[in-house]
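# Structural overview
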Amino acid sequence: MRQDILSYIEANWESSIYRDAPGAGFGGVDLPFPYTSPCIKGKGKFYYFFYWDTYFTNAGLLRSGRAAIAKANIQNMLWLIKRQGYMPNYIGLYNRSQAPYLCRMVKEYIAATGDCDFLAECADGLRQEYHFWTTARFTPVGLNRYGHHDTAEGCEGFYNQYLIDRLKFSPAASSEEKVHVGGHYMAEAESGCDFTPRFEGRCLDYCPVELNALLYEYEVYLLDVSESLGWGDAALWKNRAAQRHERMNRYLWNEKSGLFLDYDFVNGKSSPAPSLAGFNALAAGLASEEQAARMVANLPLFEREHGISCAAEPEQRRGFQWDYPNVWPPLVYITVEGLRRYGYEKEARRIAGKYIQTAILLFEKTGQLWEKTDAETGEVAGGEYEAAPMMGWSAGVFLTLHEYVQSTCD
């Protein structure tokens, strides 16, 4: 059955690739290059161009010999950054971005293809995106947060459009309350984890682990880029990386729990909701060996028979999308990557194997890959909306983890 999934992915890549005809682009925007969408045409509702989804899709494209479309995805992002000043959450949106994975996309594309000349095309876009995050999303503790740049009317509209239906918030709330709450949850949507218990409904008050780990990767990479392209500011990037590393250890590492946790800078405390987002610190190489060992010791908080949940099991379930017991492919990918980086191969293989086995069992039942699954039951996951049948990150993560598990078995 594993081979059946590989054949399915191979046969359906083209069905998730779009090419905008003039005037036909989603949200009124015609992308200049071909691009991938999370869902196969005619299956599922996510048929336009997203930000962080595309990083994990690209991982699969590169492993499938489709480097040209992986490059086109990056070129579309660079075009949008030049056009809007940042890469939007998805095409046609003008009030928020999403977790910044472009740096990783560029690094991994160049490493896979040897197309070193492409770096010069990407460098200014990477620097511009970094500038967006470190200015528009700055906090008093020197780390960064998710946010938005919508109006009060837009925040109220977000509340009415999403929070009443998906989170069952009161439609009778005052306009002022809707603006306040809607703004926080719009920032949460920028994280890509909409919605989650991590930020206690106050995302604007939090410094998230994954965002700062990703920005640390930008700083480390832009140090190399500065030296390669002769920018002459290598010392700046080295200093910024060192500062962020120190601040992440100070604010995001929780010594008592042995976890990297999001930090509530308004109230000066860690998030009470442990999540796999903490493993981004390992994936970025930020953790000490002792910190990594303690994170690994905490895997039982998340791991269940059929996979690794995105969040620890709460005393009372809230039913968020990005909460226990939902398994989300991108966080499985990051967790496995973090474990591997620190030499925890046994744990990485076990978690990767659970993801692969669950995907196989569901494919046998349904003939499709899925957006999210349930760590307790191994079935398609629930939450605020029904899971979509998906190529996108589901295919990309399956191919990446399958390649890893096969390489360790050979």
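The structure we're discussing is the one just above.
This text gives an overview of the structure that appears in the document. Quick caveat: nothing in here was measured; it's all calculated off a predicted structure.

Helix length check: helix α3 (residues 67-84) (18 residues) gives 26 Å between terminal C-alpha atoms against 26 Å at 1.5 Å per residue, within 8%. Within α3, the full set of buried residues consists of I69, A70, A72, N73, I74, Q75, N76, M77, L78, L80, I81 and Q84. Lining the buried residues of α3 we find β1 (17-18), β2 (35-36), α2 (52-63), α4 (102-113) and α5 (118-136). Once α3 finishes, G85 follows within two positions and takes phi at roughly 90°, a positive value.

Pairing between side chains of opposite charge can happen when their charged atoms approach one another. Tallying each qualifying case throughout the model produces 25 salt bridges. Note that R104 and E337 form a salt bridge whose closest N and O atoms lie 3.0 Å from each other. With a gap of 233 residues between them, R104 in helix α4 and E337 in helix α12 (residues 329-341) connect regions that are remote in the sequence. R250 is the salt-bridge partner of E246, the closest N and O atoms lying 2.7 Å from each other. Placement of the pair is E246 and R250 together in helix α9 (residues 234-252), with a separation of four residues, close to one helical turn. Several salt bridges share partner residues, and in doing so they unite R104, K107, E108, E217 and E337 into one network.

Okay, the environment of A68 next. When you line up the elements, A68 lands in helix α3. For A68, a relative accessible area of 63% corresponds to the exposed category. A sequence separation of 128 residues divides A68 from T196, and the C-alpha atoms of the two residues are 35 Å apart.

All right, on to empty space enclosed by the protein then. A water-sized probe rolled over the atoms picks out the places where empty space is left. Following the criterion strictly, the structure yields three cavities of 30 Å³ or more and no others. Roughly 90 Å³ of internal volume is contained in the largest cavity. Considering the residues around the largest cavity, the lining is formed by V327, P329, Y355, T358, A359, L362, Q368, L369, W370, K372 and T373. For the lining of the largest cavity, the leading source of residues is helix α13 (residues 345-366), giving four residues. Tallied by class, residues from the lining of the largest cavity come to seven nonpolar, three polar and one charged. Taken as a whole, the second largest cavity encloses approximately 60 Å³ of empty space. Along its surface, the second largest cavity is lined by W52, A99, Y101, S191, C193, R198, E210, A277, N280 and L331. Residue classes in the lining of the second largest cavity are distributed as six nonpolar, two polar and two charged.

Summed over the entire model, instances satisfying the criterion amount to 38 aromatic pairs. By way of ring pairs, the aromatic residues W52, Y55, F56, Y101, W322, W328, Y333 and W393 are connected into one cluster. The cationic tip of K45 hangs over the ring face of Y385; the distance from NZ or CZ to the ring centre is 4.3 Å. Directly above the ring of W237 sits R240, whose terminal nitrogen or CZ lies 5.6 Å from the centroid.

Right, let's talk about the layout of surface pockets for a bit. As a volume, the largest pocket reaches approximately 500 Å³. If you trace the largest pocket, you find 23 residues lining it, with F46, F50, R166, D194 and Y385 closest to the centre. Elements with a contribution of two residues or more to the lining of the largest pocket: α2 and α6 (152-166). Ranked by residues supplied to the lining of the largest pocket, first place goes to α6 with three residues. Partitioned by chemical class, the residues of the lining of the largest pocket number 14 nonpolar, three polar and six charged. Surrounding the second largest pocket, 14 residues form its lining, R63, Y333, E337, R340 and T400 being those nearest its centre. Counting residues per element, the ones that place at least two in the lining of the second largest pocket are α2, α4, α12 and α14 (392-409). Broken down by element, the residue count for the lining of the second largest pocket peaks at five residues, all from α14. Here the residues of the lining of the second largest pocket sort into seven nonpolar, two polar and five charged.

Once that is clear, we can look at α12. The end-to-end C-alpha distance of α12 is 18 Å, a good match for the 18 Å that 13 residues give at a rise of 1.5 Å each. Of all 13 residues in α12, ten are buried, a share of seventy percent or more. Within α12 the residues assigned to the buried category are P329, P330, L331, V332, Y333, I334, T335, V336, G338 and L339. Downstream of α12 by one or two residues, G343 has phi in the positive range, about 85°.

What counts and how
- Residues numbered from 1 in each chain as written.
- Predicted model: local features only at pLDDT ≥ 70, side-chain atom pairs only at ≥ 80, totals over all residues.
- Heavy atoms only, no water.
- Helix = DSSP H or I, 4+ residues; strand = E, 2+ residues; numbered from the N terminus.
- Expected span 1.5 Å × (residues − 1).
- Buried < 20%, exposed > 50% of the residue type's maximum accessible area, 1.4 Å probe, protein only.
- Contact = heavy atoms within 4.5 Å.
- Salt bridge = Lys/Arg side-chain N within 4 Å of Asp/Glu carboxyl O.
- 1 Å grid on protein atoms, 1.4 Å probe; cavity = no way out; pocket = protein on both sides within 12 Å on 5 of 7 lines; lining within 4 Å.
- Points joined across faces, edges and corners; volume = space filled by probe spheres on them.
- Nonpolar A, V, L, I, M, F, W, Y, C, P; charged D, E, K, R; others polar.
- Phe/Tyr/Trp six-rings, centres within 6.5 Å; stacked < 30°, edge-to-face > 60°.
- Lys NZ or Arg CZ within 6 Å of the ring centre and 35° of its normal.

Just distances and angles here, no functional claims.
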